[in-house]
Amino acid sequence: MQDYEKSVSFLGTWGSFQRRVFFLLCLTSIPSGYNILSPIFLMASPLHHCHIPTHSNLSQDWIQASIPIQLEMSSCSRYELDLVQNLSALGSNPEVFLSSLKQEDCKDGWTYSTEYYQSTVVTEFNLVCRDQWKQPLSSSIYFLGGLCGCFISGQVSDRFGRKPVLFGSITMLSIFSGAVAFAPSWPIFTVLFFMMGLCQLSSYIVVFVLGSEILTGSTRVLFSSLGLPLSYVIGTMLLPGTTFLVRKWRHQSLIMAVPGLACLPFWLVPESPRWLASCGRLQEAELVLRSAALENKVEPPQVIFIPAKNTEALSFLDLLRTKNMRYVTLILWFFLSISLFGVVFNISSLYGNPFLNYFLVVAVEIPAHAVSWLMARSCPRRVSFISFTLLGVLSVLLILTLDRTTGLTLFLVLLGKFGIQGGTAVSYVYTGELSPTVIRNTEMSTCAMFSRLGSSISPYLLQLGEAFFLPWIVVGSLSLLSVLLCVLLPETFRKPLPDTIQQITLPQWSVCTVVLYCLLSVQYLWPCSNIVLELV
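Residues numbered from 1 in each chain as written. Predicted model: local features only at pLDDT ≥ 70, side-chain atom pairs only at ≥ 80, totals over all residues. Heavy atoms only, no water.

Novice: I keep staring at the overall build of the protein chain and nothing clicks. Help me out?
Specialist: The secondary structure content of the protein chain amounts to 25 helices and four strands. In the protein chain, the share of contacts with a sequence separation of at least 24, taken over all contacts with a separation of at least 6, comes to 82%. When the accessible surface of the protein chain is summed, it comes to about 22900 Å², and 65% of that surface belongs to carbon and sulfur atoms. (Helix = DSSP H or I, 4+ residues; strand = E, 2+ residues; numbered from the N terminus. Contact = heavy atoms within 4.5 Å. Areas by Shrake-Rupley, 256 points an atom, 1.4 Å probe, with all protein chains shown as cover.)

Novice: Whenever I open this one, the state of the cysteines confuses me. Can you help?
Specialist: What we call a disulfide is simply a covalent bond connecting the sulfur atoms of a pair of cysteines. Under the defined criterion, the tally for this structure stands at two disulfides. Note that Cys50 is cross-linked by a disulfide to Cys106, the S-S spacing being 1.8 Å. Across the disulfide from Cys50 to Cys106, rotation about the S-S bond amounts to roughly -55 degrees, and the bridge is consequently left-handed. Taken together, the residues Cys50 in strand β1 (residues 48-50) and Cys106 in the loop between β3 (103-105) and β4 (110-112) connect sequence positions 56 residues apart. The exposure class of Cys106 is buried, given its relative accessible area of 9%. Between Cys76 and Cys129 runs a disulfide, and the two sulfur atoms are separated by 2.1 Å. Taking the sign of the S-S torsion, about -100 degrees here, the bridge from Cys76 to Cys129 comes out left-handed. Here Cys76 is found in the loop between α5 (60-65) and β2 (77-79), whereas its partner Cys129 is found in the loop between α7 (121-125) and α8 (134-160), with 53 residues between them in sequence. Across the protein chain, the way the bonded cysteines pair up, counted in sequence order, is 1-3, 2-4. (Disulfide = S-S within 2.5 Å. Buried < 20%, exposed > 50% of the residue type's maximum accessible area, 1.4 Å probe, protein only.)

Novice: Sorry, what's going on with the environment of Ser140 here?
Specialist: As for its placement among the helices and strands, Ser140 is situated in helix α8. Ser140 sits in the buried class, given a relative accessible area of 5%. For the pair Ser140 and Leu453, spaced 313 residues apart in the sequence, the C-alpha separation amounts to 8.7 Å.

Novice: Sorry if this is basic, but what is going on with unusual backbone geometry here?
Specialist: In the Ramachandran plot, Cys129 falls in the positive-phi region, its phi being about 55 degrees despite a non-glycine side chain. Its identity as a non-glycine residue notwithstanding, Lys297 has a phi of 60 degrees, on the positive side. Mapping Lys297 onto the fold places it in the loop between α15 (282-296) and α16 (317-321). For Lys297, a relative accessible area of 78% translates into the label exposed.

Novice: Even after reading the chapter, I still don't get the nonpolar core, so can you show me in this structure?
Specialist: Generally speaking, nonpolar side chains in soluble globular proteins are found buried as a group. Counting residues in hydrophobic clusters, the biggest one holds 115 residues, and the most contacted among them are Phe189 and Phe305. The element that contributes the greatest number of residues to this core is helix α10 (residues 186-214), accounting for 17 residues. Split by domain, the residues of this core number at least three in each of domain 1 (1-29 + 130-308) and domain 3 (321-524). (Core = buried A, V, L, I, M, F, W, Y, C linked by side-chain atoms within 4.5 Å. Domains from an automatic or database assignment.)

Novice: Could you clarify how one ought to interpret the pattern of salt bridges in this entry?
Specialist: Side chains carrying opposite charge are able to pair once their charged atoms draw close together. Applying the stated criterion across every chain yields a total of seven salt bridges. Arg20 serves as the salt-bridge partner of Glu295, at 3.1 Å between the closest nitrogen and oxygen. Here Glu295, found in helix α15, pairs with Arg20, found in helix α2 (residues 16-28); they are 275 residues apart in sequence, far enough to count as distant. On the basis of relative accessibility, which here comes to 28%, the residue Glu295 falls in the partly exposed class. Here Arg250 and Glu124 are joined by a salt bridge, their closest N and O atoms 2.5 Å apart. Of this pair, Arg250 sits in helix α12 (residues 249-256) while Glu124 is found in helix α7, placing the two residues 126 residues apart along the sequence. The class for Arg250 is partly exposed, based on a relative accessible area of 22%. (Salt bridge = Lys/Arg side-chain N within 4 Å of Asp/Glu carboxyl O.)

Novice: What is the right way to look at the packing of aromatic side chains in this model?
Specialist: Where two aromatic rings form a pair, the distance of their centres and the angle of their planes describe that pair. This model, assessed by the stated rule, comprises 14 aromatic pairs. Pairing Phe125 with Trp249 gives two aromatic rings, centres 6.2 Å apart and planes at 65 degrees, and the pair type is edge-to-face. Highlighted residues: Phe125 in helix α7 and Trp249 in helix α12, separated in sequence by 124 residues. For the residue pair Phe125 and Trp249, the accessibility class agrees, reading buried in each case. (Phe/Tyr/Trp six-rings, centres within 6.5 Å; stacked < 30°, edge-to-face > 60°.)

Novice: What am I meant to see in the packing of helix α11 (residues 217-245) against helix α19 (residues 354-363) here?
Specialist: A pair of packed helices can be characterised by two numbers: the angle between their axes and the separation between those axes. It is the contact of α11 with α19, at a shortest axis distance of 9 Å, that shows an interaxial angle of 175 degrees. Overall, the two elements α11 and α19 adopt an arrangement that is roughly antiparallel. For the pair α11 and α19, the contacting residues are Val233, Thr236, Met237, Pro240, Thr243 and Phe244 in the first and Phe355, Tyr358, Phe359, Val362 and Ala363 in the second. (Axes fitted to C-alpha atoms, helices over the stretch in contact; angles between N-to-C directions. Parallel < 35°, antiparallel > 145°, perpendicular 65-115°, else oblique.)

Don't take any of this as a statement about function, it's just geometry.
And the structure:
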């Protein structure tokens, strides 16, 4: 295919057409952002203890004494109720003899704290104690749904178009978000939750690809590194506010269906002319571009595209057959996703109001995307990615030196999220620039699929929470590994987007060079950590 960006240069970069596409596509990312934290709030597990039924005829002092609060498993056991009732009937002191009594399971259910939530999936279906394993499983299933959605939508989008997949995903996301609110049991909820995840990430990836292909030059960088991520973050920030006002999970699920329905009129967004041209559908591509030229009030050339003899027909397997695409697909996204969502999920291990904590950990993405956009304008991609991610690694590892109850711990968590999120933002731009047009959506979706595989593991980091430092060690180590592996990728700064796989070349790195680069990274990281420790 001929040089696409040279062929469409007559349109300019910031006319009426580009502005309309820019803002409409940014708005279509809000439903995806609004749903991403749903596993955290719908699956929240409030403080709880064994329920003591009212017909037990126990005073409040005896009810409180019957729960062994001094034991780690107090939320899952109580002193045998029959023995407690006998002691109460004999007029004994509640504090006498109880510690020697046998314990039993919570036969009458649990009493949950309503300080932050009136109801969640956990409280309604009692996913605690013996069924506690269902909590992280539900969150993982949601992210695995995103994995499957990316695998399907990427190939469908590259074959049938970006626009149908985008609005189909948004519609399905709204439908299943509303359907979750009527789930009568945990198994049915899990199936519907999987379907929510199926649509959530795929819609964002298609928006990213569609905007990256329609927009060109500095406008594309502005869209992919600032405009679209900020819209996504705004959507994400809305959910903590919603859950603060609406404390029942079924009502929250219904509200999550609203943003997607509001985006359906945005069907006015055109199909990607770059994708149409890559598929040999030149007349349709020229129709979109001539309409854009009319909107921008510029004169298009008589012939925009010269017909090509052959067009490439590629699939997901081409990502694995070709060495350069294997590196792009497999290296960065898996490890970085575990780290990113590991930070988010481990916020619950910190003290303080969960709504405020989650709002802050999302809000810090705004400066992260702003700085990543500034770096994307003037800095090479590898340097930007490594700088951001090393900052995240340093901050996360410094958490190990502090107590979780201090305000400085929350600050370091936010700084770590800033760094890792900035690295993630750069990886989106980087991967989009590395991916050829003929298989760009499949490539982006496959990377997102590996990302979801990583994020599906993140909920289980909480199971390491008994030792507070372990989750942060995992997060920091995997982020550092993604930095070291980034060396294998080529630089794309100020280079045109590739249209074919053959246009992608990898840097020639010897084993000695990679080892030396890794040692230099550690050498620079270690003095920085000592300086920060002294400041702390």
